[in-house]
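# Per-entry structural report
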Amino acid sequence: MKVLYDAQIFLAQKHGGISRYYYELASFSGSDIETEIAVLYHRNEYLGKISKSLPLPQGIGSFLGGKSFPGRGILFNFKEKICPSIAPKKENEKILLKKIDLEKPDIFHPTYYNNYFLDKIKSTPFVLTIYDMIHEIYPEYFVGDKTSFLKRKLFDKALGVIAISETTKNDILEIYNCPEKKIDVVHLASSLCPQQNISNGTKYPEKFILFVGDRWIYKNFLFFVTAISPLLKDDEDLYLVCTGRPFNEIETDFFVQNEISRKILQVSASDAELATLYSNARVFVFPSLYEGFGLPVLEAFACSCPAVLSNKGSLLEIAGDAALYFEPKSASDIRNAVDKVLSSPSLRADLIHKGAQRLKKYSWAKTVEKTHEIYRKIIQ
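Presented here is a report on the structure given in the accompanying data block. These numbers were taken from a predicted model, which means no experiment stands behind them. (Residues numbered from 1 in each chain as written. Predicted model: local features only at pLDDT ≥ 70, side-chain atom pairs only at ≥ 80, totals over all residues. Heavy atoms only, no water.)

Quick look at the overall build of the chain now. Broken down by element type, the chain carries 15 helices and 12 strands. Over its C-alpha atoms the chain spans a radius of gyration of 22 Å, differing by no more than 12% from the 21 Å that the globule rule assigns to 380 residues. Expressed along its principal axes, the backbone C-alpha trace of the chain runs to roughly 65 × 60 × 40 Å. When burial is assessed residue by residue, the chain has 52% of its 380 residues classed as buried. Taking contacts inside the chain between residues at least 6 apart in sequence as the whole, the part at least 24 apart equals 68%. Looking at the chain, you have 48 positive and 45 negative side-chain charges, and the mean spots of the two groups are 4 Å apart. (Helix = DSSP H or I, 4+ residues; strand = E, 2+ residues; numbered from the N terminus. Rg over C-alpha atoms; globule rule 2.2 N^0.38 Å. Buried < 20%, exposed > 50% of the residue type's maximum accessible area, 1.4 Å probe, protein only. Contact = heavy atoms within 4.5 Å. Lys, Arg positive; Asp, Glu negative; His and termini not counted. Charge placed at Lys NZ, Arg CZ, Asp CG, Glu CD.)

Quick look at the structure:
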């Protein structure tokens, strides 16, 4: 059986849970299954381990050495008319459709919700993975975003649908009012290994709280910072370390207004550095209002980091009794839960032990095996 993946998520994400998921799927081939990613251009660190990318074209930001001068934009637009830059997204779509036409894979598995292929793949069956229903549950956070429309269109056409948690499956059933038999649940896993020494040359505090990932509004980041700011102010040695993109102006102004700027650090972490951050953090906190799975929870478990989590979305399902929970819209609840773990070595040790046990439920080998079973079921 030949399974083909497209490059959507690998061009969109440098690193992240969804691209890691497809990297792991594409890295495993069963005795009767061959996998391939149709990709020319990508920016993904995981995929870079197994697939080289053509150089991404440079936009106006680097045009003529990146120097700013009057008329630069006009010159760039003129250059684009005469000699248009390569559009990586379109080139990846072309190679995908060409492979479907010539190689006729048994299964196509798109990596996100763009439906460019829908009218062109003919009889090739496709499987859709739905990661969460956040756009449908909190539409006010995604005004003008087409994800809900695209997702529903693909859902209706897919021969099989994978939900990455029971929570996500139940949300799909409730929102789409669809047959349960169309959806299979396949959990994700962690790829991180514990590392004790942070050695990238950056000096990190000895005592810190860890926040991992994006900081979109539903991630509840600024409310979380408000909740723990008294802890940061009261303990001279305590800091907050955040991975992900650099802080924006709203966030930095917020830190200044709350007089905690010097107590909050940001880092764009590689896998190795992320593992060392988990391994050295006093506690990992996930204050999100909703998660379809919550991969950082398993990463924390893998690196012996105690987890304090929101009690919303899939987090209770994934972490079970291996975490301490709080109501994410209660500042006092967040603060008390974090303080409880910070101040109790025995509780930290108990959560670390339970996390290690809970982690045994999840592995990429199980993820791949169950996904392959779904592929086989569809083409029978």
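Turning next to the nonpolar core. Soluble globular proteins tend to bury their nonpolar side chains together. If you look at the biggest cluster of nonpolar residues, it comprises 94 residues, and the most contacted ones within it are Tyr278 and Phe284. With residues up to four places along the chain from it excluded, the contact list for Tyr278 reads Leu192, Leu210, Val212, Phe284, Pro296, Glu299, Ala300, Cys303 and Cys305. Residues Ile209, Phe224, Cys242 and Val308 belong to the second largest nonpolar core, which totals 29 residues. (Core = buried A, V, L, I, M, F, W, Y, C linked by side-chain atoms within 4.5 Å.)

To continue, consider the state of the cysteines. One covalent bond between the sulfur atoms of two cysteine residues makes up a disulfide. Under the criterion given, the structure shown has 0 disulfides. Cys305 takes part in no disulfide bond, and the closest cysteine sulfur, belonging to Cys303, lies 8.0 Å away. Given the relative accessible area of 2%, Cys305 is considered buried. (Disulfide = S-S within 2.5 Å.)

Put simply, side chains in a regular strand alternate between the two faces of the sheet. Examined bridge by bridge, strand β10 (residues 283–286) and strand β11 (residues 307–310) share 3 bridges and lie parallel to one another. Opposite Val285, over in β11, you have Val308 as the bridge partner. Crossover connection from β10 via helix α11 (residues 295–302) to parallel β11: handedness right-handed. Sheet topology places β11 next to strand β12 (residues 324–326); 3 bridges connect them, and they run parallel. For Leu309, the partnering residue across the bridge sits in β12 and is Tyr325. (Pairing = 2+ DSSP bridges. Right-handed = clockwise from strand over helix to strand, strands pointing away.)

So, on to the sheet that holds strand β7 (residues 207–211). Pairing is parallel across the open sheet formed by 6 strands, whose spatial order is β9-β8-β7-β10-β11-β12. Pairing within the sheet leaves two strands with one partner each, and these edge strands are β9 (264–267) and β12. Averaged over all pairs of adjacent strands, the angle between their axes in this sheet comes to 25 degrees, without regard to strand direction. In the packing of helix α8 (residues 221–234) onto the sheet, contacts are made with β7, β8 (238–243), β9 and β10, and the angle to β8 comes to roughly 160 degrees. Contacts between α11 and the sheet are confined to β10 and β11, with β10 contributing the most and set at about 170 degrees to the helix. (Axes fitted to C-alpha atoms, helices over the stretch in contact; angles between N-to-C directions.)

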